[in-house]
Amino acid sequence: VVKAGKLTIVTSGPRTAFDVAEPYLNQVGRGVTYVGEGELARMIKICHNVLLGIVAQSLAEITVLAEKGGVPRHSFLEFINNSVMGSIFSAYKTPAYVNLDLTPTFTPVLLRKDMDLGLAAARELGVPMPVAAATRECVQSIIGNGYVDCDFAALLLQEAANAGLEIESEEKEVGTGL
């Protein structure tokens, strides 16, 4: 993401410090968002990573559904990435989902930590998050099955196993969207 120039930065703290740092931060990332005083950037990061887990799990589920229905993963993900539902994230995870490349970009253990932090904040603030809670348990499941030092895209492998589907790398050249 950094090499492709797609890094986004969220900051919080004293506005005067942000005003000094902003020109430098803009040289590192493609967008810098100031969210206010205190540790609000931490809340943004946690919420971002909860969404990351939810989207990854949803993408794993629908990809397994499509494949079990006879559609090759690369074809399904190509369609998704070109549709209104596609995103930088779905394209970025396509190589992992198509070729089962679990080289870690973010581990399941780190994702679980952020899911736990997000759910704790939700409890404290009285925000129901049933989809996030279910996703957290899916992340726990892959950790319990030994997927700890790999990429969280292992959610796809667990979803396939849960569906009784044996999947293999498709060995296809697919882009990352970056």
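Residues numbered from 1 in each chain as written. Predicted model: local features only at pLDDT ≥ 70, side-chain atom pairs only at ≥ 80, totals over all residues. Heavy atoms only, no water.

## Brief notes about the overall build of the protein
Consideration 1: Looking only at helices and strands, the protein has seven helices and two strands in total.
Consideration 2: Secondary structure elements of the protein occur, N-terminal to C-terminal, as β-α-β-α-α-α-α-α-α.
Consideration 3: The principal-axis extents of the C-alpha atoms in the protein amount to approximately 55 × 35 × 30 Å.
Consideration 4: When the 178 residues of the protein are sorted by exposure, 37% land in the buried category.
Consideration 5: The long-range fraction of contacts in the protein, counting pairs at least 24 apart against all pairs at least 6 apart in sequence, stands at 68%.
Consideration 6: Accessible area for the protein stands at about 10,000 Å²; split by element, carbon and sulfur atoms hold 59% of it.
Consideration 7: Counting 14 positive and 20 negative side-chain charges, the protein places the averaged centre of each group 3 Å from the other. (Helix = DSSP H or I, 4+ residues; strand = E, 2+ residues; numbered from the N terminus. Buried < 20%, exposed > 50% of the residue type's maximum accessible area, 1.4 Å probe, protein only. Contact = heavy atoms within 4.5 Å. Areas by Shrake-Rupley, 256 points an atom, 1.4 Å probe, with all protein chains shown as cover. Lys, Arg positive; Asp, Glu negative; His and termini not counted. Charge placed at Lys NZ, Arg CZ, Asp CG, Glu CD.)

## A look at the side chain of Thr63
Consideration 1: If you trace the backbone, Thr63 turns up in helix 2 (residues 40-68).
Consideration 2: Thr63 has contacts with Arg73, Phe76, Leu77, Tyr97 and Leu156, leaving out every residue within four places of it along the chain.

## Considerations on the nonpolar core
Consideration 1: Counting 35 residues, the largest nonpolar core has Tyr97, Leu111, Phe152 and Leu155 as the members making the most contacts within it.
Consideration 2: Residue assignment for this core shows that the elements contributing at least two residues are helix 2, helix 3 (73-82), helix 4 (88-99), helix 5 (108-125), helix 6 (130-144) and helix 7 (154-162).
Consideration 3: Among the elements that line this core, the one with the most residues is helix 2, at nine residues.
Consideration 4: What Phe152 contacts, discounting residues up to four positions off in sequence, is Leu52, Ala56, Phe89, Lys93, Thr105, Phe106, Thr107, Pro108, Leu111 and Ile142. (Core = buried A, V, L, I, M, F, W, Y, C linked by side-chain atoms within 4.5 Å.)

## Focus: the packing of helix 2 against helix 4
Consideration 1: For the pair helix 2 and helix 4, interaxial distance at closest approach is 11 Å and the crossing angle is 55°. One way to sum up the angle between helix 2 and helix 4 is to call them oblique. Here the hand of the crossing between helix 2 and helix 4 comes out right-handed. Between helix 2 and helix 4, the contacting residues are Leu52, Val55, Ala56, Leu59, Ala60 and Thr63 on the first element and Phe89, Ser90 and Tyr97 on the second.
Consideration 2: Among the residues forming the contact of helix 2 with helix 4, the class breakdown is seven nonpolar, two polar and no charged. (Axes fitted to C-alpha atoms, helices over the stretch in contact; angles between N-to-C directions. Parallel < 35°, antiparallel > 145°, perpendicular 65-115°, else oblique. Left-handed = near helix turned anticlockwise from the far one by under 90°. Nonpolar A, V, L, I, M, F, W, Y, C, P; charged D, E, K, R; others polar.)

## A look at helix 2
Consideration 1: The end-to-end C-alpha distance of helix 2 is 42 Å, a good match for the 42 Å that 29 residues give at a rise of 1.5 Å each.
Consideration 2: Positioned one or two residues after helix 2, Gly70 has a phi angle of 105°, which is positive. (Expected span 1.5 Å × (residues − 1).)

## A word on the pairing of strand 2 (residues 31-34)
Consideration 1: Here four bridges tie strand 1 (residues 8-11) to strand 2, and the two strands are oriented parallel to one another. Each residue of the ladder has a partner; that of Thr8, found in strand 2, is Gly31.
Consideration 2: In this region the chain leaves strand 1, passes through helix 1 (residues 15-28) and returns to the parallel neighbour strand 2; the handedness of that crossover is right-handed. (Pairing = 2+ DSSP bridges. Right-handed = clockwise from strand over helix to strand, strands pointing away.)

## Considering unusual backbone geometry
Consideration 1: Look at Leu100: it is not a glycine, yet its phi comes out positive at around 55°.
Consideration 2: Within the element layout of this structure, Leu100 appears in the loop between helix 4 and helix 5.
Consideration 3: Leu100 sits in the partly exposed class, given a relative accessible area of 22%.
Consideration 4: We note that Glu171 has phi near 50°; this positive angle belongs to a residue other than glycine.
Consideration 5: Along the chain, Glu171 turns up in the segment after helix 7.
Consideration 6: Since its relative accessible area comes to 66%, Glu171 is described here as exposed.

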